[in-house]
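# Architecture at a glance
Next come the chains, spelled out residue by residue.
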Amino acid sequence: MEDPRRSERRVWIVIAAAALMAAACVALLAASNSGESGAELLLVGLVAPLILLGRVFPIQIAFRRRMVTDTAPLFASCLLLGPLAAAVVAGIAIAAAEVITGRRTRIDPRQVIFNASQALLGVAAGAFAFDLVAHGTLPAESTSIMVGVIVAGAAMLVVNDILVFCVIWAQTGIRFHRMLWDFARGRTDLPYDVALYAAGFVAALLASFHPWLLLLIAAPLPVLYRAMANQVALRQQTREAVIQLADIVDERDPYTFGHCKRVSEFTNELCRQLGLSHDLTEEIVLAARVHDVGKIGIRDAVLLKPARLTEEEFAHIKEHPDIGARLTARFPDFARGTRYIRHHHEKWDGSGYPSALKGTEIPLGARIIAVADTFDAITSNRVYRDGLPDDFARTEMARVAGTQLDPEVVHAWFSNRAWEWPESLAATPVLGAIVNDKAA
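Just so we're clear, the structure is a prediction, and the values are computed from it rather than from any experiment.

## Here's the deal with the overall build of the chain
- Counting its regular elements, the chain contains 21 helices and two strands.
- Each of the 440 residues in the chain was classed as buried or not, and the buried ones make up 47%.

Dropping the structure here:
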């Protein structure tokens, strides 16, 4: 495991480098600046509060996920102000916003310095690119103006992303090529950024006709802020209702009560071990939390039967992944994980159900849930047997890796629990609960 002090040093080096580049940028721009006009000072006074409010009051767009909207006024400042004014107002406004938000918990000087430097450098790059390409100001009908807007947006986005990439690398120490892939894969918020850049362009276009028109754009924001918060609250209530339903299904059998919760916790461990992005992890873990909710459609006589199931009864219980998938597909927070719920009983060799998918045809999330589900099925108490020890689970999971379970995910599970691969697997019996899939 890497020494935390080494990571801390890297973080401070990146922050110091960003701050020095920001200071050098301001010095260079100030040396070539010809002064601000009265109209530009008015725009500074209007844009700066919008940047600050956009950072202090993020919009709730999903459960545990909020989006700052300062990107829009920051990009507007690129198009409306000169590079020096745009950079300075961006740095000061973001620093002030970080101090304000930090007072709610604890002000982190590293975060204040880095985020202010990032905003300053990104906006400076965007404003410089716009001046270089457009050779004019808004509004204008020239094609070069539109090209300049696009180039400015790209410059600001790239500079911001490079700086974020560097500080994440400093914190994690992951090798460059893997870090680059993980960062690109985890950039799921790019559509939101593009929308904010477009909003910033519209704001700049209106302000170019009259600066006070910026207030017209800002006026609906409190209503939007409240509406989004209410929508997320409603979705959260729906999410909790579905989770409660899954727990009620678990509660029908006292031996499996808490099964879905445990499987979701194991799934979270596996996703982190595999290095999946935060968004994908949340998607898979949420599916794991309710993966057996379809058992609400299974008769008690079958679900709670202590003896081995007949073929007809087994065919009935095999319906639960499809029932669960149809149920969860109706709710936005669960819809993306529906395929994991439907296929969590597929097997690596194609002998599973309901679609007999094989290998990587099975969605990754379903393969991860299957491993977590198998471990809990082995180690927890059931109506027909007591839970088995971890040593048995280790041997059994290794034995079925490559037939029932994805071997790569099984190896990740072993690594997560610091297990060694069993040397001999020949004498291990097939666990009835796994083969029967009766109550896993």
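Moving on, there is more to tell.
## Some thoughts on the packing of aromatic side chains
- Summed over all chains, the structure comprises seven aromatic pairs.
- Plain terms: the ring middles of Phe414 and Trp419 are 5.2 Å apart, the flat faces sit at 90 degrees to each other, and that makes the pair edge-to-face.
- Judged by its relative accessible area of 18%, Trp419 falls in the buried class.
- Taken together, the aromatic side chains of Phe266, Phe375, Trp413, Phe414 and Trp419 make up a single cluster linked through ring pairs.

## Some words on the pattern of salt bridges
- Considering all chains together, one arrives at 11 salt bridges under this definition.
- The partner of Asp322 in a salt bridge is Arg342, with the nearest N and O atoms 2.8 Å apart. One end of the pair, Asp322, is in helix α15 (residues 320-328); the other, Arg342, is in helix α17 (residues 338-342), and 20 residues separate them in sequence.
- Residue classification places Asp322 among the partly exposed positions, given a relative accessible area of 25%.
- The class of Arg342 is partly exposed, set by a relative accessible area of 25%.
- Asp406 is the salt-bridge partner of Arg367, the closest N and O atoms lying 2.7 Å from each other. In this pair, Arg367 sits in helix α18 (residues 364-379) while Asp406 sits in the loop between α19 (390-400) and α20 (407-416), placing the two residues 39 residues apart along the sequence. By the burial criterion, Arg367 is buried, and Asp406 matches it.
- Overlapping salt bridges, with partners in common, bring together Glu8, Asp108 and Arg110 in one network.

## As for the environment of Ala218
- Structurally, Ala218 is set in helix α9 (residues 214-218).
- The class of Ala218 is buried, set by a relative accessible area of 18%.
- Separated by 15 residues in the primary sequence, Ala218 and Ala203 place their C-alpha atoms 9.2 Å from one another.

## As for the packing of helix α3 (residues 71-80) against helix α8 (residues 190-209)
- Between α3 and α8, the least distance of the axes is 7 Å, while the angle of their chain directions is 45 degrees. In terms of their interaxial angle, α3 and α8 are classed as oblique. The two elements α3 and α8 meet at a crossing, and its hand is right-handed. On α8, the residues touching Thr71, Ala72, Phe75, Ala76, Leu79 and Leu80 of α3 are Asp193, Leu196, Tyr197, Ala199, Gly200, Phe201, Ala203, Ala204, Ala207 and Ser208.
- Per-class residue counts for the contact of α3 with α8 are 12 nonpolar, three polar and one charged.

## Observations regarding the side chain of Asn115
- With respect to the secondary-structure elements, Asn115 resides in helix α5 (residues 109-134).
- Residue classification places Asn115 among the buried residues on the basis of a relative accessible area of 13%.
- A polar atom in the side chain of Asn115 sits 2.8 Å from the side chain of Glu98.
- Aside from chain neighbours lying at most four places away, what touches Asn115 is Arg55, Ile94 and Glu98.

## Some details on unusual backbone geometry
- Note that the residue after Tyr353, namely Pro354, is joined by a cis bond; omega there is 10 degrees.
- Its location among the elements puts Pro354 in the loop between α17 and α18.
- For Ala356, which is not glycine, the phi dihedral falls at a positive 50 degrees.

## Brief notes about the nonpolar core
- With 36 residues, the main nonpolar core has Leu270, Val290, Val371, Met397 and Trp413 as its most contacted residues.
- Listing elements by their share of this core, those giving two or more residues are α10 (221-251), α11 (259-273), α12 (278-289), α17, α18, α19 and α20.
- Counting residues per element, this core draws most heavily on α18, at seven residues.
- Setting aside residues up to four positions removed in sequence, Met397 forms contacts with Val371, Thr374, Phe375, Ile378, Leu405, Val410, Trp413, Phe414 and Trp419.
- One finds Cys78, Leu81, Val123 and Met156 within the second-largest nonpolar core, a separate group that totals 33 residues.

Calculation criteria
Residues numbered from 1 in each chain as written. Predicted model: local features only at pLDDT ≥ 70, side-chain atom pairs only at ≥ 80, totals over all residues. Heavy atoms only, no water. Helix = DSSP H or I, 4+ residues; strand = E, 2+ residues; numbered from the N terminus. Buried < 20%, exposed > 50% of the residue type's maximum accessible area, 1.4 Å probe, protein only. Phe/Tyr/Trp six-rings, centres within 6.5 Å; stacked < 30°, edge-to-face > 60°. Salt bridge = Lys/Arg side-chain N within 4 Å of Asp/Glu carboxyl O. Axes fitted to C-alpha atoms, helices over the stretch in contact; angles between N-to-C directions. Parallel < 35°, antiparallel > 145°, perpendicular 65-115°, else oblique. Left-handed = near helix turned anticlockwise from the far one by under 90°. Contact = heavy atoms within 4.5 Å. Nonpolar A, V, L, I, M, F, W, Y, C, P; charged D, E, K, R; others polar. Polar contact = N/O pair within 3.5 Å; in protein donor to acceptor, adjacent residues only side chain to side chain. Core = buried A, V, L, I, M, F, W, Y, C linked by side-chain atoms within 4.5 Å.

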